[in-house]
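Survey of secondary and tertiary structure
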Amino acid sequence: MATDTVQCLLCPHCCVIRVRERGVCGVRANLDGELVSLVYGRPVAVHVDPVEKKPLYHFMPGTATFSIATAGCNLGCRFCQNWEISQAAPEDVPPYDLPPEAAVEEALRSGCDSIAFTYTEPIVFYEYMLDTAKLAREAGLASIMVTAGYINEGPLRELAQWIDAANVDLKGMTDAYYREMCYGTLEPVQRTLRILQELGVWLEVTNLVVPGWNDDEEDLRSLSEWVAGELGEDVPVHFSRFMPMYQLTELPPTPARTLAGAREISLEAGSRYVYVGNVVVENGSLTRCHNCGADLIRRDLFEVTMSRISASGHCPDCGASIPGVWGTGGTEER
Amino acid sequence: MRPLLDVMLVPALLAALAVTGTVSHAPEDQGPDSTSFIDRVLEMVREAPSWKHPPGELDVSLVRELIEQGILSAHPASWAVPYPEERAD
Ligand code: SF4
Ligand SMILES: [Zn+2]
């Protein structure tokens, strides 16, 4: 016999939620036996960003993306760089009123080419993201998901049809790391990465390198080998600098040399496009042709300062096809 | 609720909240910027009771009030199933 208790099957937590309770993400609640999203159309962060900031380096470079996030997250990373909103309950952060139609309208009005679901964890505002992404496609806008990938397979497959690009945070390569640091597990994230790729979503991977936690050579090598081996050499990898935050304020920021080392390891493992974020490292944000080595895209922080990739995505020097979604190319030097 | 007009006017505030970076990207030059809005948000967040791990209780009367005011939504959630009584303990 059914009770008023419900189970949410959206993410691997599969929360069993009694009346007057909410799930781990904090934004899905059982009101009188019905599970509701408390944050549909209620983002707490709305901003126009360069797509490079997601980070996506091989997807419509130099374009602006209308970026939105609600409160809440289904993980609890001790190093969260956006904990003020990701770890907040929705009733504690004043939201905007921005239903999907209005989000698409605002994105168009502000000259964006895409909408990004980002900053916190878009999986927890699944219905809002899905409805917005559908409208965005109708309006000719791309949809971008910046996620930790902690979602069940069914919802992911339904969603992925409407998502054009994703940056997935692969936080570490051991279950212990995920359990200890993130309140999650590794396997569902690996499954998400494989499924997104299988379904043709443009994919880039980010790894936040945390001093003393996932920064030794063995950690970086196993992550790099998994990405290059499982997802292939064409998936761009971003190593990102940790800044002391949330529960890890005692740790130092990741040294630039560690990130440069991570980049080398990933290149050795076979990835052709490896970047370093959040700190300046030599060639850390430069896109070079994997075939002839020509400089193709230079960036200064999040700004594209030079792009030589043709609209069809080819190197102008050797003609090699550069993996990515381009379309805004042409030879230009700024 | 904040009017949408704010959206384009408060980038600096949002940046100071570190929400304009991605989950793992907060540029170093975005130092905290003292404004009443940010202070208020941070204060509220810090003072909020810890509801996470394990799933937390809901202050139903507060949540209902916020739903009535349109501040929170009560949008039907997908991927939810009834939980059988014998497993509901
Ligand atoms: S989405 Fe939220 S409520 Fe649903 S299973 Fe995940 S943490 Fe629990
Ligand atoms: Zn070339």
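Look up a bit, the structure's there.
This write-up is about the structure you can find in this document. Quick caveat, the model's predicted, so the values are computed rather than measured.

1. Regarding unusual backbone geometry
Residue and element names in this part refer to chain A. In this chain, Lys-54 is followed by Pro-55 through a cis amide linkage whose omega measures -5 degrees. With respect to the element layout, Pro-55 can be found in the loop between strand S5 (45–50) and strand S6 (64–69). One non-glycine residue with positive phi stands out, namely Cys-14, at about 45 degrees. By the element assignment, Cys-14 lies in the loop between strand S1 (2–8) and strand S2 (16–17). For Tyr-119, which is not a glycine, the phi torsion comes out positive at approximately 65 degrees. Here Tyr-119 shows up in the loop between strand S7 (114–117) and helix H3 (126–138). Taking the relative accessible area as the measure of exposure, Tyr-119 reaches 0% and is therefore buried.

2. Some remarks on the coordination of the zinc ion (ligand 2)
All names here are of chain A. Distances from the zinc ion (ligand 2) to its protein donors, Cys-289 (SG), Cys-292 (SG), Cys-315 (SG) and Cys-318 (SG), fall at 2.3 to 2.4 Å. Given four donor atoms and angles of 105 to 114 degrees at the metal, the environment of the zinc ion (ligand 2) is assigned as tetrahedral. In terms of primary sequence, the donors binding the zinc ion (ligand 2) are separated according to C-x2-C-x22-C-x2-C. Accessibility expressed as a relative area gives 38% for Cys-292, which makes it partly exposed.

3. Structural notes on the sheet that holds strand S1 (residues 75–76) of chain B
Taken in spatial order, the three strands line up as S3(A)-S4(A)-S1(B) in an open sheet, and their pairing is antiparallel. Of all strands in the sheet, those bounded by a partner on one side alone are strand S3 (28–31) of chain A together with S1 of chain B. Judged from the two bridges that link them, strand S4 (residues 34–37) of chain A and S1(B) form a sheet pairing that is antiparallel. Residue Ser37(A) lies in a different strand from S1(B), and its bridge partner there is His75(B).

4. Comments concerning the nonpolar core
All names here are of chain A. Within the largest apolar cluster, 93 residues are counted, with the highest numbers of intra-cluster contacts made by Phe-79 and Leu-170. Here the element with the most residues in this core is H3; it accounts for six residues. Setting aside residues no more than four positions away along its own chain, Leu-170 makes contact with Tyr-178, Leu-186, Val-189, Leu-193, Val-205, Thr-206, Asn-207, Leu-223, Trp-226 and Val-227. Judged by nonpolar contacts, the second largest core, of 13 residues, contains Tyr-273, Tyr-275, Ile-297 and Val-304.

5. Observations regarding helix H7 (residues 217–231) of chain A
All names here are of chain A. An ideal rise of 1.5 Å per residue puts 21 Å on 15 residues; H7 measures up with 20 Å between its terminal C-alpha atoms. Buried within H7 are the following residues: Leu-220, Leu-223, Ser-224, Trp-226, Val-227, Ala-228 and Leu-231. Check the buried side of H7 and you find it contacts helix H6 (187–198), strand S10 (202–209), strand S11 (237–241) and helix H8 (256–269). Looking one or two residues past H7, Gly-232 carries a phi angle of roughly 105 degrees, positive in sign.

Criteria and thresholds
Residues numbered from 1 in each chain as written. Chains lettered and ligands numbered in written order. Predicted model: local features only at pLDDT ≥ 70, side-chain atom pairs only at ≥ 80, totals over all residues. Heavy atoms only, no water. Helix = DSSP H or I, 4+ residues; strand = E, 2+ residues; numbered from the N terminus. Buried < 20%, exposed > 50% of the residue type's maximum accessible area, 1.4 Å probe, protein only. Donors = N, O, S within 2.8 Å, 3.2 Å for Na, K, Ca; no water. Tetrahedral: all angles 85-135°; square planar, octahedral: opposite > 155°, others 65-115°. Pairing = 2+ DSSP bridges. Core = buried A, V, L, I, M, F, W, Y, C linked by side-chain atoms within 4.5 Å. Contact = heavy atoms within 4.5 Å. Expected span 1.5 Å × (residues − 1).

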